[in-house]
Amino acid sequence: MITYKKKYGILKVTETWFGYKSCITNIFGLRAYLHVRDVPKIPLAIKNVTYTIEIPLEKGIDELFSTFPKNLRTDIRKAEERGVTTYFHNDIEGFVKFYNEFACKKRVHPISVRRLTELGDSLMMSYAVYDGKIIAAHSYILDKKESIVRAFRSATIRLQDDVKCIRVGRANKLLHFKDMVFFKKKGIKIYDFGG
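Given the structure is predicted, the values throughout are model-derived calculations rather than measurements. (Residues numbered from 1 in each chain as written. Predicted model: local features only at pLDDT ≥ 70, side-chain atom pairs only at ≥ 80, totals over all residues. Heavy atoms only, no water.)

1. What about the nonpolar core?
Our working rule: Within this scheme, the nonpolar core is defined by two criteria: the residues are buried Ala, Val, Leu, Ile, Met, Phe, Trp, Tyr or Cys, and they are joined through side-chain atoms within 4.5 Å. Throughout, exposure labels follow a simple rule: accessible area from a 1.4 Å probe, protein chains only, divided by the maximum for the residue type, with under 20% read as buried, over 50% as exposed, and the rest as partly exposed. Every helix listed is a DSSP run of H or I at least four residues long, and every strand listed is a run of E at least two residues long, numbered separately from the N terminus. Residues count as neighbours in contact if any of their non-hydrogen atoms are within 4.5 Å of one another.
Counting residues in hydrophobic clusters, the biggest one holds 44 residues, and the most contacted among them are Leu57, Phe95, Leu116, Phe183 and Tyr191. At the level of elements, α1 (61-66), α2 (70-81), α3 (92-106), β6 (123-130), β7 (133-143), β8 (148-156) and α5 (165-185) are the ones that each hand at least two residues to this core. Sorting elements by how many residues they give to this core places α5 first, with eight residues. Ignoring sequence-local partners within four residues, the contact set of tyrosine 191 consists of Ile53, Glu54, Ile55, Leu57, Tyr140, Val149, His176, Asp179, Met180 and Phe183.

Below is the structure:
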């Protein structure tokens, strides 16, 4: 379970991801429980059911790769062959800038440095780079205790002018696969695409 506090003006909300633990203090203050499996009855709560795709990471890397559709495996290989590289780095300000440029073009809500900073040590970010330029970025919420990682926000440059969308798409697929490998090596058992 990951728990942290968010501020909305003068209001403070305690957010908890992946679990619910019943205790008397839960009735005081504003609380949000996100992406909880097997939700118990919680008094005065509003329940919103969402769906996602989860990939078990318990198989070997080659076996995991072999479960992907053939066209996905081909795209991942081509991205690597053409020089796309990936890495992890928690550059919150850089991620926010990259994501918000994408969000503006896609007309979705931007994110803030404060919101990502509130996630603390549970936040992780990865990037795909081609020819020295970031072309895809992912952020994750990692819960080591529950052994799950969930995609939080992601962005690409696919909406920019003069971009080869096929290259960006392949790089994004490679980044997802490399992220799975990275988290698998950390002992994480579930990779959640985030809905």
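Alright, that's what it looks like, and here's the rest.
2. Re the packing of α2 against α5
Here is the rule: Lines fitted to C-alpha atoms define the axes, with helix axes restricted to the stretch in contact, and inter-axis angles between N-to-C directions lie between 0 and 180 degrees. Each angle is binned into one of four classes, with values under 35 degrees roughly parallel, values over 145 roughly antiparallel, values of 65 to 115 roughly perpendicular, and all other values oblique. Residue polarity follows a fixed list, in which Ala, Val, Leu, Ile, Met, Phe, Trp, Tyr, Cys and Pro are nonpolar, Asp, Glu, Lys and Arg are charged, and the others, Gly among them, are polar.
Running from amino to carboxyl end, α2 crosses α5 at an angle of 100°, the nearest separation of the two axes being 8 Å. Taken together, the axes of α2 and α5 lie roughly perpendicular to each other. Note on element contacts: α5 touches α2 through Arg170, Ala171, Lys173, Leu174, Phe177 and Lys178, opposite Leu72, Asp75, Ile76, Lys78, Ala79 and Glu80. Of the residues belonging to the contact of α2 with α5, the class tally is six nonpolar, no polar and six charged.

3. Points about α5
Rule in force here: Here a helix's expected span is defined as the number of its residues, less one, multiplied by 1.5 Å.
Between the first and last C-alpha of α5 there are 30 Å, a value that for 21 residues agrees with the 30 Å anticipated at 1.5 Å per step. Val168, Arg170, Ala171, Leu174, Leu175, His176, Phe177, Asp179, Met180, Val181 and Phe183 are the residues of α5 that are buried. Once α5 finishes, glycine 187 follows within two positions and takes phi at roughly 90°, a positive value.

4. Brief notes about the sheet that holds β7
Where we set the bar: Think of it this way: DSSP has to see at least two bridges between two strands before they count as a pair.
Pairing within the open sheet is mixed, and its six strands lie in the order β4-β9-β8-β7-β6-β5. Of all the strands in the sheet, just β4 (54-56) and β5 (85-88) have a single pairing partner and so form its edges. The average undirected angle you get between the axes of adjacent strands in this sheet is 25°. Relative to β6, β5 runs antiparallel, the two sharing four bridges. When the sheet's bridge partners are listed, threonine 85 is paired in β6 with valine 129.

5. Remarks on the pattern of salt bridges
To be explicit about the condition: When a carboxyl oxygen of Asp or Glu lies within 4 Å of a side-chain nitrogen of Lys or Arg, that pair is called a salt bridge.
A full pass over the atoms with the stated rule returns seven salt bridges. Here glutamate 80 and lysine 178 are joined by a salt bridge, their closest N and O atoms 2.9 Å apart. Residue glutamate 80 is located in helix α2, and its partner lysine 178 is located in helix α5; the two are separated by 98 residues in the primary sequence. The exposure class assigned to glutamate 80 is partly exposed, which follows from its relative accessible area of 41%. Residue class for lysine 178 comes out partly exposed when judged on its relative accessible area of 29%. With a shortest N-O distance of 3.1 Å, lysine 97 and glutamate 101 are connected by a salt bridge. Taken together, the residues lysine 97 and glutamate 101, both in helix α3 and four residues apart, mark about one turn of the helix. Through salt bridges that share partners, Asp75, Arg170 and Lys173 make up one connected network.

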